[in-house]
Amino acid sequence: MAKLPIIEFPDPRLRTVAKPVERVDAALRRLIDDMLETMYDAPGIGLAATQVDAHVRLLVLDISEEHNEPQVFINPEIVSAEGSQIYQEGCLSVPGYYADVKRANLITVRALDRDGQAFELTTDGLLAVCLQHEMDHLAGKVFVDYLSPLKKALVRKKLAKQRKLAEDSDAA
Ligand code: QAP
Ligand code: CO
């Protein structure tokens, strides 16, 4: 397995719309394993292929306390959504920044698992938030898109500053 570099906001590659997976083969399973390693190492609870510059409809997540319940969604589609909830979200592509986002509360998602088997999952709470957040990435969207233009500009500035500080300390 290998850890993959994570693309950070406002990199334009985060705007790429992912293509459906055509075959669940060894190459895809390798990408899945690398994404899981990347997510656990970060550590994070969700990662979309878009974030590691692989533009296919694939996401991984693990919201368990023990970090031992990986879930894989290939070609995920929301079949139904109802209600709403507000959750403070973060994102590995927007390090150090968190903000409240309003999303559907109860969703049913249809997808393929890592063996290419179709399944359906109905869920709410954090798992539903995480799925909607990661599916947004596959559509080229980032959670900061839901914020006001002013807040979004502040996020951009903060990340640019963080990157500059990291660069300067690398040079020293
Ligand atoms: C998406 O996010 C999510 O800023 C997954 O410095 C988040 O794994 C869905 C992370 C919350 C629902 C609720 C963020 C790690 C991880 C950071 C993540 C950071 C280090 C974010
Ligand atoms: Co994210």
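Residues numbered from 1 in each chain as written. Chains lettered and ligands numbered in written order. Predicted model: local features only at pLDDT ≥ 70, side-chain atom pairs only at ≥ 80, totals over all residues. Heavy atoms only, no water.

1. A closer look at the environment of arginine 29
The criterion, for reference: Here a helix means four or more residues in a row that DSSP labels H or I, a strand means two or more in a row labelled E, and each is numbered from the N terminus. Any two residues whose heavy atoms approach within 4.5 Å are treated as being in contact.
Secondary-structure assignment places arginine 29 in helix H1 (residues 26–41). In the structure, arginine 29 is positioned 124 residues away from alanine 153 in sequence and 37 Å away in space, judged by C-alpha atoms. Arginine 29 has contacts with Val24, Arg114 and Asp115, leaving out every residue within four places of it along the chain.

2. As for the site of ligand 1
Defined as follows: Proximity criterion: a residue is near a molecule or strand once any of its heavy atoms comes within 4 Å of it. Polar contacts here mean pairs of N or O atoms no more than 3.5 Å apart (in protein, one a potential hydrogen donor and the other a potential acceptor; neighbouring residues in sequence count only if both atoms are side-chain atoms). Per-residue and other accessible areas were derived by the Shrake-Rupley procedure at a 1.4 Å probe size, with only the shown protein chains allowed to occlude residues. When residue character is reported, Ala, Val, Leu, Ile, Met, Phe, Trp, Tyr, Cys and Pro are called nonpolar, Asp, Glu, Lys and Arg charged, and the others, Gly included, polar.
Taken together, 19 residues sit near ligand 1, with Gly44, Ile45, Leu92, Gly96 and Tyr98 positioned nearest. Here an oxygen atom of ligand 1 sits 2.7 Å away from a polar atom, N or O, in the main chain of glycine 96. In isolation ligand 1 offers 500 Å² of accessible surface; the protein chains occlude 84% of this area. Contributions of two or more residues to the shell around ligand 1 are made by strand E4 (85–89) and helix H2 (125–138). When its residues are assigned to classes, the shell around ligand 1 shows 12 nonpolar, 5 polar and 2 charged.

3. Some points on helix H3 (residues 149–171)
What counts, and what does not: Multiplying 1.5 Å by the helix residue count minus one yields the expected span of that helix. Each residue is placed in one exposure class: buried if its accessible area under a 1.4 Å probe, protein chains only, is under 20% of its type's maximum, exposed if it is over 50%, and partly exposed if it falls in between.
Taking 1.5 Å per residue as the helical rise, H3 with its 23 residues ought to reach 33 Å, and the 33 Å between its terminal C-alpha atoms agrees with that figure. Along H3, the residues that are buried comprise Lys152, Val155 and Leu159.

4. A word on the coordination of the cobalt ion (ligand 2)
Just so we agree on the cut-off: Donor atoms: N, O and S within 2.8 Å of the metal, or within 3.2 Å for Na, K and Ca. Because water is excluded, sites can look incomplete.
The protein atoms that coordinate the cobalt ion (ligand 2) are Cys91 (SG), His133 (NE2) and His137 (NE2), at distances spanning 2.1 to 2.2 Å. In terms of primary sequence, the donors binding the cobalt ion (ligand 2) are separated according to C-x41-H-x3-H. In this pair, cysteine 91 is assigned in the loop between E4 and strand E5 (99–103) and histidine 133 in helix H2, connecting sequence segments 42 residues apart. One exposure class covers both cysteine 91 and histidine 133, and it is buried.

5. Comments concerning the sheet that holds strand E6 (residues 106–112)
Backbone-to-backbone hydrogen bonds join strands into a sheet, with any given pair of strands oriented parallel or antiparallel. The cut-off we apply is this: At least two DSSP bridges between two strands are needed for those strands to be called paired. Here an angle of 0 to 180 degrees is reported between the N-to-C directions of two axes, which are lines fitted to C-alpha atoms, with helices fitted over the stretch in contact.
On the basis of which strands lie adjacent, the open sheet formed by 5 strands has the order E1-E2-E3-E6-E7 and antiparallel pairing. Here the strands that pair on one side only, and so sit at the sheet edges, are strand E1 (46–48) and strand E7 (118–123). Within the sheet, the average angular offset between the axes of one strand and its neighbour, ignoring direction, is 40°. Running at roughly 40° to strand E2 (residues 58–61), H1 makes contact with E1, E2 and strand E3 (71–82) of the sheet. Across the sheet, H2 touches E1, E2, E3, E6 and E7, and the angle it forms with E2 is around 150°.

6. Observations concerning the pattern of salt bridges
Quick reminder of the rule: Any Lys or Arg side-chain nitrogen located within 4 Å of an Asp or Glu carboxyl oxygen qualifies as a salt bridge.
Tallied over the full model, the rule gives 14 salt bridges. For arginine 15, the salt bridge goes to aspartate 145, with nearest N and O atoms at 2.8 Å. Placement of arginine 15 in the segment before H1 and of aspartate 145 in the loop between H2 and H3 is noted, with a sequence separation of 130 residues between them. Given the relative accessible area of 24%, aspartate 145 is considered partly exposed. Salt bridges sharing common partners tie together Asp11, Arg13 and Asp53.

7. Looking at H2
For H2, built from 14 residues, the straight-helix expectation of 20 Å at 1.5 Å per residue is met to within 8% by its first-to-last C-alpha distance of 21 Å. Taken together, the buried positions of H2 are Leu127, Ala128, Val129, Cys130, Leu131, Gln132, His133, Glu134, Met135, Asp136, His137 and Leu138. Just past H2, the residue glycine 140 takes up positive phi, approximately 85°.

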